[in-house]
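# Architecture at a glance
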Amino acid sequence: MRPMIERAVKILSNEPKSRFFLKLLLWFIFLSTLGVGGGIFFLLFAVVPIEQVFTDRGWSQFKIDHAMKYFVVGWVVFGFVVSFLYYFFIVKKNRWLLTWLLAASSIMLTVAGLYYFLNTGSGIVQASQGEVVEGERFTFGPYPEKDDLISLKERGYDGVITLLNPTLPIEKPLLDQEVKFAEDADLEVHSLPMLPWVGDNTKSIEKVKELIAQDDKKYYVHCYLGRHRVDVVKQVINEELGDELYELRFLQPTTLERGSLFYFPDQSILMGPYPTEEEWFTRIKRGEVEEVVSLLNDKQDSEWLAKEQKTISELQMKYTHMPLKEEPTLDEIRKVAEYVQSVDHKVYVHDFTKSTAIAMLESYLDWGTTLTGTLPPALHCGMSEWIGRKMLVGCQPDKIERDRLRKMGVIDFIQLDAMKLTEQYKVIKEAKEQKRLIYIVAGSKQQQIKRMATGLLYGSDQRGKELEGIIFANGQAKRHERNLLVGPMLEPSEYETFATAYGAAQIIYLQSPSTSTSAEVKQVKELGEAHHILVKVVRMTTGYEEELIPLLDHESGLNYIMTEDSLTPEVNAYLKKF
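Residues numbered from 1 in each chain as written. Predicted model: local features only at pLDDT ≥ 70, side-chain atom pairs only at ≥ 80, totals over all residues. Heavy atoms only, no water.

### Brief notes about the sheet that holds strand E25 (residues 558-562)
With mixed pairing, five strands are arranged side by side in an open sheet as E21-E22-E25-E23-E24. The sheet is open, and its two borders are formed by strand E21 (478-481) and strand E24 (534-539), each paired with just one other strand. Adjacent strand axes in the sheet meet at a mean angle of 25 degrees when their direction is disregarded. In the sheet, strand E22 (residues 484-487) pairs with E25 via four bridges, with the strands oriented parallel. The partner of Leu-485 across the bridge, within E25, is Tyr-560. This element, helix H18 (residues 518-530), spans strand E23 (504-511), E24 and E25 of the sheet and lies at about 160 degrees to E24. (Pairing = 2+ DSSP bridges. Helix = DSSP H or I, 4+ residues; strand = E, 2+ residues; numbered from the N terminus. Axes fitted to C-alpha atoms, helices over the stretch in contact; angles between N-to-C directions. Contact = heavy atoms within 4.5 Å.)

Right under this line is the structure:
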């Protein structure tokens with residue numbers, strides 16, 4: 001046999017035409033084996049660790065998937081580049097010893113890769129696998145071995161949902177093996193092929209929804225490693241099932257890249273700027289929005305309109321276009337508000353960035369009324385300033401200016417420049433509770449009072465930048481959102497210098513029963529009452545998050561969470577996950 005092979009190689013090496021086809025064959029073998037064998041090890045030792053780094057940094061799954069596409073494409077490009085270098089600088093120059101050596105090495109790499117890939121119980125593969133996450137009806141994990149399938153049957157599972165793709169040569173043997181082992185274990189196999197990071201998985205997702213509707217069935221869902229494709233199915237189940245066990249639990253963000261995000265009754269109405277590509281998925285679709293209402297102008301924003309219509313169609317949401325001009329009338333605002341309040345599903349309303357339309361609509365949806373106008377009025381004594389479209393703050397207007405302000409919607413004029421800080425806070429808080437459109441006469445204290453009123457209503461109008469780096473006597477605070485700070489216990493004087501001055505709408509005291517006393521709780525409540533600040537006490541016992549998150553979601557003003565200094569890292573880490 002060996003002499004025959006040597007003779008064939010010799011003939012092919014001497015015949016020009018045969019040599020050309022031999023070179024092409026060697027190039028193809030090198031390209032395909034490097035792609036398969038190298039790709040397997042690239043997945044296990046590069047892609048999976050890199051993805052874990054992104055996960056640890058708190059990246060969304062959408063952002064991770066988007067980034068990983070470039071690694072996949074990068075590997076393909078790398079494979080072609082290396083193979084062409086191999087062909088032009090080694091094969092084509094008749095460096096036969098090196099040619100055959102590299103081809104043989106590439107084949108050996110593929111053999112080793114396939115060995116580890118197909119032996120899913122090996123230590124190398126198991127080190128890269130995700131954890132098994134068990135639920136009431138759906139359990140997620142990596143590729144199951146024969147004993148795992150038998151165990152699933154014994155534990156009452158009805159079937160397996162496999163996301164392996166038979167069009168991938170390296171996954172087809174595993175799928176065939178799984179089908180055989182599942183038949184032996186009397187388990188039904190539902191093959192819903194998916195591709196990680198790339199490709200259209202729409203058809204498989206639709207089949208997943210059909211299986212979800214069979215509420216008497218229990219399934220084990222897996223891909224190869226239990227890390228990538230199963231996350232897509234988790235998302236679908238979270239959206240479709242509505243079961244608390246699978247519910248997506250996260251703190252509602254208050255800012256997007258292009259501006260602030262607002263929420264209204266029962267969070268059924270969201271409003272903000274034009275989302276980025278990632279935000280469409282992570283904030284809008286993931287937030288269970290069913291309809292998008294666009295306020296974009298036809299002429300000025302035609303390119304963005306076309307782009308969002310395509311995106312919304314792909315995300316399978318309803319699209320409604322209600323364009324508003326740069327300075328809308330009260331009737332136009334009312335028309336949009338009445339529409340979004342009439343629908344029976346979750347709606348996202350947006351303009352491109354922060355605009356007069358968004359500010360007026362936010363006020364109207366929240367208070368049922370709004371101040372009108374694009375620019376804050378200039379008075380004889382100086383410029384006034386907006387606080388949303390709910391309040392104006394400035395100097396003392398004369399009679400003519402008061403009449404003009406009343407036409408803009410102002411109901412009351414309140415003079416606060418001569419009041420103490422705590423009294424200023426009390427008056428603004430009462431106006432907020434009564435939903436009164438007011439003009440605040442602030443005099444020389446305009447910036448101080450504006451900061452306080454902004455805090456009470458919105459937390460911040462600068463995406464929280466002014467809340468960065470605040471240091472208290474007991475430690476430094478950390479900003480999480482436009483209206484959320486976490487920090488240490490406040491000293492008595494800081495209830496005025498910080499909580500009142502910055503317009504804290506509520507203080508949430510996360511109380512550790514093991515380290516705090518009833519006297520300390522009483523003191524916190526008394527200090528809050530003395531400064532007219534709402535104080536909520538949440539005991540840090542098992543499940544305290546169930547009480548904390550709703551408190552934050554239902555207050556648009558500045559929230560300050562305080563706890564013992566030793567516990568703030570735990571609270572910050574918990575909120576980061578959301």
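### Here's the deal with the packing of aromatic side chains
Tallied over the full model, the rule gives 19 aromatic pairs. Where Phe-262 meets Tyr-458, the ring centres are 6.0 Å apart and the plane angle is 75 degrees; that geometry is what we call edge-to-face. Highlighted residues: Phe-262 in strand E8 (residues 262-263) and Tyr-458 in helix H16 (residues 446-458), separated in sequence by 196 residues. Like Phe-262, the residue Tyr-458 is buried in the burial classification. Through a chain of ring-to-ring contacts, the aromatic side chains of Trp-27, Phe-80, Phe-84, Tyr-87 and Phe-88 assemble into a single cluster. When the ring centre of Tyr-157 is taken as origin, the NZ or CZ atom of Lys-218, which lies over that ring, is 4.6 Å away. Positioned over the ring face of Phe-413 is Arg-402, at 4.5 Å from the centre of the ring. (Phe/Tyr/Trp six-rings, centres within 6.5 Å; stacked < 30°, edge-to-face > 60°. Buried < 20%, exposed > 50% of the residue type's maximum accessible area, 1.4 Å probe, protein only. Lys NZ or Arg CZ within 6 Å of the ring centre and 35° of its normal.)

### Some words on the pattern of salt bridges
Scanning all chains against the criterion turns up 17 salt bridges. Between Lys-325 and Glu-332 there is a salt bridge, with the nearest N and O atoms lying 4.0 Å from each other. Lys-325 sits in the partly exposed class, given a relative accessible area of 44%. The exposure class of Glu-332 is partly exposed, given its relative accessible area of 28%. Between Arg-479 and Glu-468 there is a salt bridge, with the nearest N and O atoms lying 2.8 Å from each other. A residue pair is termed long-range when its members are at least 10 positions apart, and Arg-479 in strand E21 and Glu-468 in the loop between H16 and strand E19 (471-472) qualify at eleven residues. Here Arg-479 falls in the partly exposed class, since its relative accessible area comes to 24%. Because the salt bridges share partners, they merge into one network encompassing Glu-362, Asp-366 and Lys-390. (Salt bridge = Lys/Arg side-chain N within 4 Å of Asp/Glu carboxyl O.)

### Some points on unusual backbone geometry
Of note in the backbone geometry, Asp-186 takes a positive phi value of approximately 65 degrees without being a glycine. You can see Asp-186 is positioned in the loop between helix H7 (172-184) and strand E4 (188-191).

### Observations concerning the nonpolar core
Soluble, globular proteins show a tendency: their nonpolar side chains are buried together. Of all hydrophobic cores here, the largest spans 77 residues; its most connected members are Met-391 and Phe-498. The element that contributes the greatest number of residues to this core is helix H13 (residues 356-367), accounting for seven residues. With near-sequence residues (within four places) excluded, Phe-498 lies in contact with Ile-470, Phe-472, Leu-485, Leu-490, Gly-503, Leu-558 and Tyr-560. (Core = buried A, V, L, I, M, F, W, Y, C linked by side-chain atoms within 4.5 Å.)

### Side note on the sheet that holds strand E10 (residues 291-294)
With respect to topology, five strands assemble into an open sheet ordered E8-E9-E12-E10-E11, the strand pairing being mixed. In this open sheet, the two edge strands, each paired with only one partner strand, are E8 and strand E11 (318-321). The strands that helix H12 (residues 330-342) touches are strand E9 (269-272), E10, E11 and strand E12 (347-350); relative to E10, the one it contacts most, it runs at about 180 degrees.

Distances and angles like these do not, on their own, reveal function.
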